[in-house]
Amino acid sequence: MSALIARTGRHRQRYENDFRLVAGCIPYRIKKDGEDETVDCESRLELLMVSSPDREDLVFPKGGWEDDETIGEAACREALEEAGVKGILDESPLGMWEFKSKSRQNSCSTEGSCRGYMFALEVTEELETWPEEDNHGRRWLSVGESFRLCRYEWMRRALNVFLTVLSELGKYEMNEDELTELGDNSDAVSVADVVMGDHQIRSPSCFLKSSGSQQLAGESYNCIVLG
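The structure presented is a predicted model; accordingly, all values stated were derived computationally and were not measured. (Residues numbered from 1 in each chain as written. Predicted model: local features only at pLDDT ≥ 70, side-chain atom pairs only at ≥ 80, totals over all residues. Heavy atoms only, no water.)

Section: the overall build of the protein
Of regular secondary structure, the protein possesses four helices and 10 strands. The helix and strand sequence of the protein, counted from the amino end, reads β-β-β-β-α-β-β-β-β-α-α-α-β-β. When the 227 residues of the protein are sorted by exposure, 49% land in the buried category. Contacts in the protein between residues at least 24 apart in sequence constitute 72% of all its contacts with a sequence separation of at least 6. (Helix = DSSP H or I, 4+ residues; strand = E, 2+ residues; numbered from the N terminus. Buried < 20%, exposed > 50% of the residue type's maximum accessible area, 1.4 Å probe, protein only. Contact = heavy atoms within 4.5 Å.)

Some points on the pairing of strand E3 (residues 43-50)
Counting buried residues in E3 gives six out of eight residues, a clear majority hidden from the surface. Two elements, strand E2 (residues 19-32) and E3, share five bridges in a ladder whose sense is antiparallel. Paired with Tyr28 across the bridge in E3 is Leu47. Where E3 and strand E8 (residues 138-141) come together, four bridges link them in antiparallel fashion. Counterpart to Val50 in the pairing with E8 is Arg138. (Pairing = 2+ DSSP bridges.)

Describing unusual backbone geometry
Trans peptide bonds make up the majority, and among non-glycine residues the majority have a negative phi. We note that Asn17 has phi near 50°; this positive angle belongs to a residue other than glycine. Residue placement: Asn17 occurs in the loop between strand E1 (15-16) and E2. The exposure class of Asn17 is exposed, given its relative accessible area of 62%. Even without a glycine there, the phi angle at Asp18 is positive, about 70°. Topologically, Asp18 is positioned in the loop between E1 and E2. Of the residues examined, Asp18 reaches a relative accessible area of 66% and is grouped as exposed.

A closer look at the layout of surface pockets
Of the pockets and cavities examined, the second largest pocket occupies roughly 150 Å³. As for the second largest pocket, its lining consists of 10 residues, and the residues nearest its centre are Leu163, Ser167, Glu173, Met174 and Leu179. Broken down by element, the lining of the second largest pocket gets its largest block of residues, four residues, from helix H3 (residues 153-168). (1 Å grid on protein atoms, 1.4 Å probe; cavity = no way out; pocket = protein on both sides within 12 Å on 5 of 7 lines; lining within 4 Å. Points joined across faces, edges and corners; volume = space filled by probe spheres on them.)

Comments concerning the packing of aromatic side chains
The final tally for this structure, using the stated rule, is four aromatic pairs. Between the aromatic rings of Trp65 and Tyr117, the centroid separation amounts to 6.4 Å while the plane-to-plane angle is 80°, which identifies the pairing as edge-to-face. Placement of the pair is Trp65 in the loop between strand E4 (62-64) and helix H1 (71-83) and Tyr117 in strand E7 (residues 113-126), with a sequence separation of 52 residues. For the residue pair Trp65 and Tyr117, the accessibility class agrees, reading buried in each case. (Phe/Tyr/Trp six-rings, centres within 6.5 Å; stacked < 30°, edge-to-face > 60°.)

Structural notes on the confidence of the model for the protein
For the protein, per-residue confidence averages 76 on the pLDDT scale, and residues scoring 70 or more make up 67% of the total. Of all secondary-structure elements in the protein, the lowest mean pLDDT belongs to strand E9 (residues 211-216), at 39, while strand E5 (residues 85-90) reaches the highest, 96. Note that pLDDT drops below 50 for residues 103-110; the model gives that stretch eight contacts with residues more than four away or on any other chain. Ignoring residues within four places in sequence, the model shows residues 186-221, a span with pLDDT below 50, making 79 contacts including any to other chains. (pLDDT = per-residue confidence, 0-100.)

So, the environment of Gly137
If you trace the backbone, Gly137 turns up in the loop between E7 and E8. Looking at Gly137, the relative accessible area reads 30%, which means it is partly exposed. Distance from Gly137 to Ser52, taken between C-alpha atoms, is 7.2 Å for residues 85 residues apart in sequence. Among residues more than four places away in sequence, those in contact with Gly137 are Met49, Val50 and Ser51.

Quick word on the nonpolar core
With 52 residues, the main nonpolar core has Leu45 and Phe162 as its most contacted residues. It is H3 that provides the largest number of residues to this core, a total of nine residues. With near-sequence residues (within four places) excluded, Phe162 lies in contact with Ile26, Tyr28, Leu45, Leu47, Leu94 and Ala120. (Core = buried A, V, L, I, M, F, W, Y, C linked by side-chain atoms within 4.5 Å.)

Thoughts on the side chain of Glu46
Structurally, Glu46 can be placed in strand E3. A polar contact of 2.6 Å, which involves the side chain of Glu46, links it to the side chain of Arg29. Within the local environment of Glu46, its side chain forms a polar contact with the side chain of Arg44, the two groups lying 3.2 Å apart. If sequence neighbours within four positions are ignored, Glu46 has contacts with Pro27, Tyr28, Arg29, Lys31, Trp140 and Leu141. (Polar contact = N/O pair within 3.5 Å; in protein donor to acceptor, adjacent residues only side chain to side chain.)

What follows is the structure, encoded as structure tokens:
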């Protein structure tokens, strides 16, 4: 059982024009295929997703953005609470997507509407126990597996933007096997079809610190944000 305790309740929840503001991230690591790190082995991109009770599909860590934290700190907190990971959060947001909460998916009203802001998180530490491990299992996946198991279309689109950003930054280029696996996934949207301008942050109150630490039920964790 983790010594950390997840935040509960929505008394500090941020809203904007009847939308609940949500922060999340795509946790990732780049591993070498081979045991000897000194050898020039082929790199492999792995993504971390979390499960929910009685569901086979997976999601990226996300949750409510509260009024005593920056959006970057909220994304780091959710990664810690739901997936038990810490890392380096890229300051550049992947974008904003509007969606309904899972309990309101079939509702025609605006109730349950969310605006989710997603970021890339390079994982540097993986905890053995974490606050929500009883409700969220975690699983490292290949890119193709992540696309197939994503619960929602908006998350697959966020993943497409994430891959585009990593490629543009020169941090990772998918190898032939990964491209083949992605191409075999009929549910995936082509990375080339993603238009970054369609997913710009709209909220004027969004901002990130250069670095900081956030309190979580009496404990603190480092939230490193890249400029």
